[in-house]
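# Per-entry structural report
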Amino acid sequence: MAATPTDLTAALVMTPVAPADWLVVLPPAWCILAGAVLLMARKSLHLQGVLAVPALAVLVLLDALLLAHVAANGPMTMVMGRWLPPFGIAFTADLTGVLFALAGAVVALAGAVHALTDIDGSGRRYGFYPFLLLLMAGVSGAFLTGDIFNLYVWFEVLLISSFGLITLGSEPRQIDGAIKYAFLNLIATTLFLITTGYLYGIFGTLNMADIATKAAAGRAELPLMTLAMLYLTAFGMKAAAFPVNFWLPASYHTPRIVVSALFAGLLTKVGIYALLRTLIMLFPVEREELSFVIALTGAATMLLGALGALGQNDIRRLLGYLVISGIGIMLAGLSLGSPGGTGGAIFYALHSMVVMTGLYMAAGLAGRLSGTFDLSRLGGLYARSALFSALSLVLFFAVSGLPPFSGFWPKVMVAKAAMDIGAWWLAAVVFLSGFLTTIAVGRVFLLAYWRPADGALAAEAIPASALLPLAVLTVLTVVFGLFPDALLSTIQLAAQGLADPRAYVGSVFPGGN
């Protein structure tokens with residue numbers, strides 16, 4: 001008697017995978033593959049940069065194609081092993097995730113080009129470029145995963161890579177910075193894992209679309225406020241929010257300057273993305289209940305960062321505090337939860353990824369020309385290179401939120417969203433932090449660039465491979481400041497998709513779950 005065929009249509013994807021669906025998983029898969037190739041070629045130091053830069057250019061192309069596809073067709077999902085969600089691990093790309101992924105890829109490509117002259121043979125021998133590709137695998141995976149446990153896994157991938165990068169060189173100050181960086185991040189990661197285990201015990205699923213649906217249906221009976229508060233704490237630590245942000249200025253000034261640039265552009269933004277994904281999409285009612293707490297945290301983070309920057313003489317430490325101040329603005333947007341607030345947080349995150357990376361690169365070039373990062377000894381940079389000084393000045397204006405650069409629009413969006421609900425105090429803090437930031441970076445320009453040098457500056461010219469990525473990042477902040485319409489419309493759609501995840505859920509469960 002012939003066996004009856006088993007009907008697998010309820011458990012497995014039976015149709016062939018569409019070619020476009022592979023775009024969802026290609027960014028992290030490509031980074032892992034390229035990182036493995038670079039690791040195998042680690043003894044060929046001359047090949048490291050030659051292979052890494054094109055690999056990251058391909059990553060930018062993949063993310064750009066994915067953004068075009070998602071913008072045209074809506075969120076898209078691919079499941080692993082053909083198992084249907086919630087049992088199969090899902091990669092789900094929506095506008096928010098892909099915008100973050102593309103900005104991260106651009107930052108990584110700029111960092112790889114800058115590293116051609118910043119990372120010496122020792123740094124290449126000990127794995128700078130493989131670590132960078134594996135870091136981008138973790139960053140890309142975190143932005144594109146549709147499974148909250150795999151968000152934790154990708155966090156682990158990027159953290160392990162970042163530990164390798166921050167200790168590159170094994171100098172005492174780097175080890176000291178790595179210990180401070182690792183300690184609080186490991187606490188945050190442990191809290192993240194414990195919370196995710198608690199979440200699984202409540203929902204019986206780790207798929208974010210499934211969680212969003214079940215949370216909306218059973219809100220009255222489930223301890224969602226506890227989950228929201230735990231995730232806020234864990235991701236707040238990773239994003240360097242007040243009062244658990246002391247690890248950032250204590251560690252970001254210790255590694256090679258290109259590593260600091262990559263960290264400033266990427267790592268805290270993954271924490272902000274995770275906050276947006278969990279609190280806006282999964283637990284919106286609980287976010288509303290916590291809105292005042294988040295707003296106070298954002299305001300304190302803004303002011304602490306701006307005031308901390310005013311008190312620094314080391315440019316690298318000063319920039320670390322500016323990273324913190326920007327995190328406060330994103331938290332303010334998150335606390336509001338409105339389209340303007342959420343959109344402002346997304347816009348500011350994308351702006352900060354580009355601008356903070358560029359500012360650290362500019363600081364590295366200033367240190368290379370003068371031999372120091374100490375403002376009391378810096379001077380004469382404008383006389384040395386007017387082009388470099390002009391690029392730096394544009395980035396200073398952008399981080400201050402002055403028009404017509406990219407930092408202006410998200411600050412206006414967050415401030416307007418705050419005033420729309422009568423939170424004038426929050427809007428005032430946004431503007432005050434911008435004013436203090438302007439004073440801080442104006443002090444840097446006057447002392448390091450405009451003031452005559454006390455001694456002789458370095459005789460060599462700035463290498464084109466170091467100046468080119470700085471110029472490209474500066475051009476981006478000018479372009480998106482002068483012509484923000486296309487990006488603004490895309491960001492508004494992304495914010496709407498987070499607040500109303502029906503399209504996201506529909507891409508995971510086409511026939512309903």
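Analysis parameters
- Residues numbered from 1 in each chain as written.
- Predicted model: local features only at pLDDT ≥ 70, side-chain atom pairs only at ≥ 80, totals over all residues.
- Heavy atoms only, no water.
- Helix = DSSP H or I, 4+ residues; strand = E, 2+ residues; numbered from the N terminus.
- Rg over C-alpha atoms; globule rule 2.2 N^0.38 Å.
- Contact = heavy atoms within 4.5 Å.
- Lys, Arg positive; Asp, Glu negative; His and termini not counted.
- Charge placed at Lys NZ, Arg CZ, Asp CG, Glu CD.
- Buried < 20%, exposed > 50% of the residue type's maximum accessible area, 1.4 Å probe, protein only.
- Phe/Tyr/Trp six-rings, centres within 6.5 Å; stacked < 30°, edge-to-face > 60°.
- Axes fitted to C-alpha atoms, helices over the stretch in contact; angles between N-to-C directions.
- Parallel < 35°, antiparallel > 145°, perpendicular 65-115°, else oblique.
- Left-handed = near helix turned anticlockwise from the far one by under 90°.
- Nonpolar A, V, L, I, M, F, W, Y, C, P; charged D, E, K, R; others polar.
- Polar contact = N/O pair within 3.5 Å; in protein donor to acceptor, adjacent residues only side chain to side chain.
- Pairing = 2+ DSSP bridges.
- Patch = residues over 30% accessible without salt bridge, like charges linked within 9 Å, V, L, I, M, F, W, Y side chains within 5 Å.
- Areas by Shrake-Rupley, 256 points an atom, 1.4 Å probe, with all protein chains shown as cover.
- Salt bridge = Lys/Arg side-chain N within 4 Å of Asp/Glu carboxyl O.
- Core = buried A, V, L, I, M, F, W, Y, C linked by side-chain atoms within 4.5 Å.
- Expected span 1.5 Å × (residues − 1).

### Overview of the overall build of the chain
Across its full length, the chain carries 22 helices and two strands. Against the 2.2 N^0.38 benchmark of 24 Å for 513 residues, the chain shows a C-alpha radius of gyration of 23 Å, consistent with a compact globule. In terms of overall dimensions, the chain has a C-alpha envelope of 90 × 60 × 40 Å along the principal axes. Contacts in the chain between residues at least 24 apart in sequence constitute 82% of all its contacts with a sequence separation of at least 6. Distance between charge centres in the chain, computed from 24 positive and 22 negative side chains, equals 10 Å.

### Describing the side chain of Ser260
Within the secondary structure, Ser260 is located in helix 11 (residues 257-282). Accessibility expressed as a relative area gives 1% for Ser260, which makes it buried. In contact with Ser260, not counting residues within four places along its chain, are Tyr252, Pro255 and Tyr360.

### A closer look at the environment of Leu232
Looking at the secondary structure, you find Leu232 in helix 9 (residues 224-238). For Leu232, a relative accessible area of 12% puts it in the buried group. As a C-alpha pair, Leu232 and Leu279 span 47 residues in sequence and 7.9 Å in three-dimensional space. If we skip the residues at most four places from it in the chain, Leu232 touches Leu275, Leu279, Leu290 and Ile294.

### Here we look at the packing of aromatic side chains
Each aromatic ring pair is characterised by the separation of its centres together with the angle its planes make. With the rule as written, the count across this model stands at 20 aromatic pairs. Ring centres of Phe149 and Tyr152 lie 5.6 Å apart, and the angle between their planes is 40°; this geometry places the pair in the tilted category. On the criterion of helical spacing, the pair formed by Phe149 and Tyr152 is a turn pair, its members being three residues apart in helix 6 (residues 148-166). Residue Phe149 is classed as partly exposed on the basis of its relative accessible area of 32%.

### A short note on the packing of helix 15 (residues 339-370) against helix 21 (residues 485-499)
The N-to-C vectors of helix 15 and helix 21 enclose an angle of 120°; their axes lie 9 Å apart at closest approach. Between helix 15 and helix 21, the interaxial angle falls into the category oblique. For helix 15 against helix 21, the interelement crossing comes out right-handed. Counting all contacts with helix 15, which are made through Pro339, Thr342, Gly343, Ile346, Phe347 and Leu350, the residues of helix 21 involved are Leu487, Leu488, Ile491, Gln492, Ala494, Ala495 and Leu498. Taken together, the residues that form the contact of helix 15 with helix 21 break down as 10 nonpolar, three polar and no charged.

### Observations concerning the packing of helix 3 (residues 95-118) against helix 11
Two elements in contact, helix 3 and helix 11, have axes separated by 9 Å at closest approach and are oriented at 170°. With respect to helix 11, the element helix 3 is oriented roughly antiparallel. Between helix 3 and helix 11, the residues in contact are Thr96, Gly97, Phe100, Gly104, Val107, Ala108, Gly111, His114, Ala115 and Asp118 and Ile257, Val258, Leu262, Leu266, Lys269, Tyr273, Leu276 and Arg277, respectively.

### A short note on the side chain of Thr92
Mapping Thr92 onto the fold places it in strand 2 (residues 90-93). A distance of 3.1 Å separates polar atoms of two side chains, one belonging to Thr92 and the other to Thr77. Each residue touching Thr92, except ones within four places of it in the same chain, is listed here: Val24, Met76, Thr77, Leu144, Thr145, Gly146, Tyr504, Ser507 and Val508.

### Describing the pairing of strand 1 (residues 76-79)
Every second residue of strand 1 is oriented toward a common face, with Met76 and Met78 on one face and Thr77 and Val79 on the other, all of them buried. The pairing of strand 1 with strand 2 spans four bridges and is antiparallel. Its bridge partner being in strand 2, Met78 is matched across the sheet by Phe91.

### Concerning a nonpolar patch on the surface
Taken together, the side chains of Leu33, Val37, Met40, Leu47, Val50 and Leu51 present a nonpolar region at the surface, about 540 Å² in accessible area. Secondary structure elements with two or more residues in the nonpolar patch: helix 1 (26-40) and helix 2 (45-73). Along the chain, Leu51 turns up in helix 2.

### Concerning the nonpolar core
One finds Phe128, Leu132 and Phe388 to be the most contacted residues of the largest nonpolar core, which totals 185 residues. Broken down by element, this core gets its largest block of residues, 19 residues, from helix 11.

### A few points about helix 9
For helix 9, which comprises 15 residues, the first-to-last C-alpha distance of 21 Å matches the rise-based estimate of 21 Å (1.5 Å per residue) to within 8%. Every buried residue of helix 9 is accounted for by Leu224, Leu227, Ala228, Tyr231, Leu232, Ala234, Phe235, Gly236, Met237 and Lys238. A positive phi of about 65° marks Ala240, the residue just after helix 9.

### Quick look at unusual backbone geometry
For the bond from Phe242 to Pro243, the omega torsion is 5°, close enough to zero to count as cis. Looking at where Pro243 falls in the secondary structure, it is placed in the loop between helix 9 and helix 10 (247-251). A cis amide bond links Pro403 with the next residue in sequence, Pro404, at an omega value of 5°. In this fold, Pro404 is placed in the loop between helix 17 (386-400) and helix 18 (408-420). Despite not being glycine, Ala240 shows a phi value in the positive range, around 65°. One can find Ala240 in the loop between helix 9 and helix 10. Taking relative accessible area as the criterion, Ala240 reaches 0% and is therefore assigned buried.

### Points about helix 13 (residues 291-310)
Under the 1.5 Å per step criterion, the end-to-end length of helix 13 is 29 Å for 20 residues, consistent within 8% with the ideal 28 Å. Here helix 13 has its buried residues at Ser291, Ile294, Ala295, Gly298, Ala299, Thr301, Met302, Gly305, Ala306, Gly308 and Ala309. Looking at the buried residues of helix 13, the elements they touch are helix 9, helix 11, helix 12 (284-289), helix 14 (315-336) and helix 19 (424-450).

### Quick look at the pattern of salt bridges
Taken as a whole, this structure holds seven salt bridges when the rule is applied. One salt bridge connects Asp118 with Arg368, and the closest N-O pair in it is separated by 3.7 Å. Remark: Arg368 occurs in helix 15 and Asp118 occurs in helix 3; sequence separation between them is 250 residues. The closest approach of N and O atoms between Glu288 and Arg287, which form a salt bridge, is 2.8 Å. Among the residues examined, Glu288 registers a relative accessible area of 46% and is labelled partly exposed.

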